[in-house]
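Now for the letters of each chain:
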Amino acid sequence: MTTVIDGKQVAASVIEAVKSATTALEKDAGVKPGLAVVIVGDDPASHAYVGAKSRMSKECGFTSIQHTLPEETTQEELARLVETLNGDDSIHGILVQLPLPKHLDSDPIIQSIKPEKDVDGLHVVNAGKVATGDLDGGLVSCTPAGAMVFVRRTHGNDLSGLNAVVIGRSNLFGKPMSALLLAANATVTTAHSRTKDLADVCRNADILVAAVGRAEMVKADWVKPGATVIDVGINRITTAEGKSRLVGDVAFEECAKVAGVITPVPGGVGPMTIAMLMANTVIAAYRKAGRTPPKF
């Protein structure tokens, strides 16, 4: 029988652990984790994401601050706000919602966030720490961190002897995911659009992670029987009936007949992203207080 991972259930368990850690830190050190979320402009999807993040941070017991800036905000104004938040000791995590309006350059803004407050895990210092295996010193990008929770709950902390294939080499997901699997002792192949005989490469994977943004690209004959399949893709397609629906990069129905463990889309990796953002905020607060952060 194939196990279909319930991402909402796993995310809820992470949030419960975050709440417990928040309560313990406030009791033991008198420190309340603080998360500041910055959004610029009127993009409806971004506002929905930010609203969910702000609500969850309040539910976790954080000091939750949201800065909603107008579309015409300048690069200098946004940079000044980030600098102010960098200097605020009550704020442990800073998140600037992407994408920014077209006239703003996101990279200098992200790189200006103090690495220890970069709860999105996008600063080059945090990316470098993940790449070099320093997982206790940096903050891990939320989506790969969430995918690794699924991997650990399926296979344990030590992936020695397991082959992992990550399809996708983006800085946001593919590269950090490969680095996390490598740090857990898996033998890792990073595959992508230029990989020769991609299906053959995938058939060797005990853990197959798809993150390329191509709807239902991974077919059943790409999957090793009993493999763990983590689908990070989110693609909107039009059905034969003319309706719109979300699918992943994995052809779920057919691959679920072959895989041992599989994540659905929606309801798999997606809910984990906000949960790991909350976990990163708690980790940052513990470090600032000189305490050993919990593992999630």
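Residues numbered from 1 in each chain as written. Predicted model: local features only at pLDDT ≥ 70, side-chain atom pairs only at ≥ 80, totals over all residues. Heavy atoms only, no water.

## Digging into the packing of helix α2 (residues 44–59) against helix α10 (residues 270–288)
For any two helices packed against each other, the geometry comes down to the angle between their axes and how far apart the axes lie.
Right, on to step 1. Closest axis-to-axis distance for the α2/α10 pair is 10 Å, and the angle between their directions is 50°. Between α2 and α10, the angle falls in the class oblique. The two elements α2 and α10 meet at a crossing, and its hand is right-handed. Note on element contacts: α10 touches α2 through Ile 274, Leu 277 and Met 278, opposite Ala 52, Lys 53, Met 56 and Ser 57. (Axes fitted to C-alpha atoms, helices over the stretch in contact; angles between N-to-C directions. Helix = DSSP H or I, 4+ residues; strand = E, 2+ residues; numbered from the N terminus. Parallel < 35°, antiparallel > 145°, perpendicular 65-115°, else oblique. Left-handed = near helix turned anticlockwise from the far one by under 90°. Contact = heavy atoms within 4.5 Å.)

## Remarks on unusual backbone geometry
Right, on to step 1. Cis geometry marks the peptide bond from Leu 98 to Pro 99; its omega dihedral reads 0°.
Right, on to step 2. Mapped onto the elements of the fold, Pro 99 is located in the loop between β4 (93–96) and α4 (106–112).
Right, on to step 3. With omega at 0°, the peptide bond leading from Val 265 into Pro 266 counts as cis.
Right, on to step 4. Structurally, Pro 266 can be placed in the loop between β11 (261–262) and α10.
Right, on to step 5. Although it is not a glycine, Asp 197 sits at a positive phi angle of roughly 50°.
Right, on to step 6. Structurally, Asp 197 can be placed in the loop between β6 (187–191) and α8 (198–202).
Right, on to step 7. Positive phi is not limited to glycine here, since Glu 216 has a value of about 50°.

## What about the sheet that holds β6?
The strands making up a sheet associate through backbone hydrogen bonding, with each pair oriented either parallel or antiparallel.
Right, on to step 1. The strand order across the open sheet formed by six strands is β1-β11-β8-β7-β5-β6, and the pairing between neighbours is parallel. Only two strands of the sheet have a single partner each, and these edge strands are β1 (3–4) and β6.
Right, on to step 2. Sheet topology note: the strand β8 (residues 228–231)/β11 ladder contains two bridges and is parallel. In the sheet register, Val 229 faces β11, and the bridge partner there is Ile 262. (Pairing = 2+ DSSP bridges.)

## Some remarks on the environment of Glu 26
Right, on to step 1. Within the secondary structure, Glu 26 sits in helix α1 (residues 7–29).
Right, on to step 2. When its relative accessible area of 38% is taken as the criterion, Glu 26 is described as partly exposed.
Right, on to step 3. Spatially, the C-alpha atom of Glu 26 lies 21 Å from that of Asp 118, the residues being 92 residues apart in sequence.
Right, on to step 4. In this view, Glu 26 contacts Val 31 and Lys 32; residues no more than four positions away in its chain are not counted. (Buried < 20%, exposed > 50% of the residue type's maximum accessible area, 1.4 Å probe, protein only.)

## Section: the state of the cysteines
Right, on to step 1. Taken as a whole, this structure holds zero disulfides when the rule is applied.
Right, on to step 2. Cysteine Cys 60 is unpaired, with the sulfur of Cys 142 as its nearest cysteine sulfur at 13 Å.
Right, on to step 3. Cys 60 gets classed as buried once you look at its relative accessible area, which sits at 3%.
Right, on to step 4. With no disulfide of its own, Cys 255 lies 9.9 Å from the sulfur of Cys 202, the closest cysteine sulfur. (Disulfide = S-S within 2.5 Å.)

## So, the side chain of His 192
Right, on to step 1. Tracing the backbone shows His 192 in the loop between β6 and α8.
Right, on to step 2. Here His 192 is in contact with Gly 168, Arg 169 and Leu 198, once residues within four sequence places are set aside.

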